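For reference, the chains in residue letters:
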Amino acid sequence: MQKLRINIMALSAVFILMIVGTGFAYAQESVNQFYSPATQGLTTFANNVAESVPKIVAAAILLIIGLVAGKIVGRVVEKAATRILQKVDFQKNADSQIIELSSNKLNSAKLIAATIKWFVYIFFIVAAINALQFVELSKALTDLWLWIPNLLAFVLILIIGSIIVKFVIKWVDQEIVS
């Protein structure tokens, strides 16, 4: 009987070990099923970030180039506009006479330079957004960029109109004095 009892205990122990071992195998498989989607998601995220890094670097380089180019173009245009407006003798008289009523005095050369500088800035911002491949934002900024020449035309019409007004004022003064 005792031998039978030992055999039953041994068989029970083997059966219990088989059940427990199978349970561990199933538990390990269910843990893998739990971690597998998370691991795949993190791998996909890391791959997308790795693919995006060159685009981000390209966009940053374009923005830096645009900042430098905009500042240089702005300074050059301001100097050229100042020289042209001084030749016409506009900067000294017309700015102070015509727009003195506003709280800030208008500096026509700076206005032209700022308009063109922002034209360059927005051009490079659009290029950087294109590098990042944001289609809708790129379309919106392109529309804005294409609108800036209208703003530049407005500024030039305003300045040319001010020059014409200056000459008309001089002519009227001469006619009244004569």
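Note: the structure precedes this text.
Rules and cut-offs
Residues numbered from 1 in each chain as written. Predicted model: local features only at pLDDT ≥ 70, side-chain atom pairs only at ≥ 80, totals over all residues. Heavy atoms only, no water. Helix = DSSP H or I, 4+ residues; strand = E, 2+ residues; numbered from the N terminus. Buried < 20%, exposed > 50% of the residue type's maximum accessible area, 1.4 Å probe, protein only. Expected span 1.5 Å × (residues − 1). Core = buried A, V, L, I, M, F, W, Y, C linked by side-chain atoms within 4.5 Å. Axes fitted to C-alpha atoms, helices over the stretch in contact; angles between N-to-C directions. Parallel < 35°, antiparallel > 145°, perpendicular 65-115°, else oblique. Left-handed = near helix turned anticlockwise from the far one by under 90°. Nonpolar A, V, L, I, M, F, W, Y, C, P; charged D, E, K, R; others polar. Phe/Tyr/Trp six-rings, centres within 6.5 Å; stacked < 30°, edge-to-face > 60°. Lys NZ or Arg CZ within 6 Å of the ring centre and 35° of its normal.

Novice: Give me the lowdown on the side chain of T115, citing residues and values where you can.
Specialist: Structurally, T115 can be placed in helix α3 (residues 108–132). Classification of T115 as buried rests on a relative accessible area of 8%.

Novice: Tell me what's going on with α3, and back it up with residues and numbers.
Specialist: With 25 residues, α3 should cover 36 Å at 1.5 Å per step; its first-to-last C-alpha distance of 36 Å lies within 8% of that length. By the burial criterion, the buried members of α3 are S108, A109, I112, A113, T115, V120, Y121, I122, F124, V126, A128 and I129. After α3 finishes, the residue Q133 shows a positive phi value of roughly 65°.

Novice: With reference to specific residues and values, describe the nonpolar core.
Specialist: Counting residues in hydrophobic clusters, the biggest one holds nine residues: V77, A81, L85, A109, I112, A113, V155, I159 and I163. If you list the elements that add at least two residues to this core, you get α1 (2–87), α3 and α4 (135–177). Formed by six residues, the second largest nonpolar core is a distinct cluster that contains I122, I129, L141 and I148.

Novice: A description of the packing of α3 against α4 should follow, citing residues and the corresponding values.
Specialist: Where α3 contacts α4, the two axes come as close as 9 Å, and the packing angle between them is 170°. It follows that α3 is roughly antiparallel to α4 by the angle criterion. Both α3 and α4 take part in a crossing whose hand is left-handed. The class makeup of the residues in the contact of α3 with α4 is 21 nonpolar, five polar and no charged.

Novice: Would you mind going over the packing of aromatic side chains in detail, with residue names and values included?
Specialist: As enumerated under the stated definition, the model contains two aromatic pairs in all. For the ring pair W118 and Y121, a centre distance of 5.0 Å and an interplane angle of 90° mean the geometry is edge-to-face. Taken together, the residues W118 and Y121, both in helix α3 and three residues apart, mark about one turn of the helix. Seen in terms of ring centroids, F123 and F124 are 5.3 Å apart; in terms of plane orientation they differ by 85°. Their pairing is edge-to-face. Residue classification places F124 among the buried positions, given a relative accessible area of 16%. Between the NZ or CZ atom of K166 and the centre of the ring of F167, over which it lies, the distance is 5.5 Å.

Novice: Run through the environment of A131, naming residues and quoting values.
Specialist: Its place among the elements puts A131 in helix α3. Through-space distance from the C-alpha of A131 to that of L62 is 8.8 Å; in sequence the pair is 69 residues apart.

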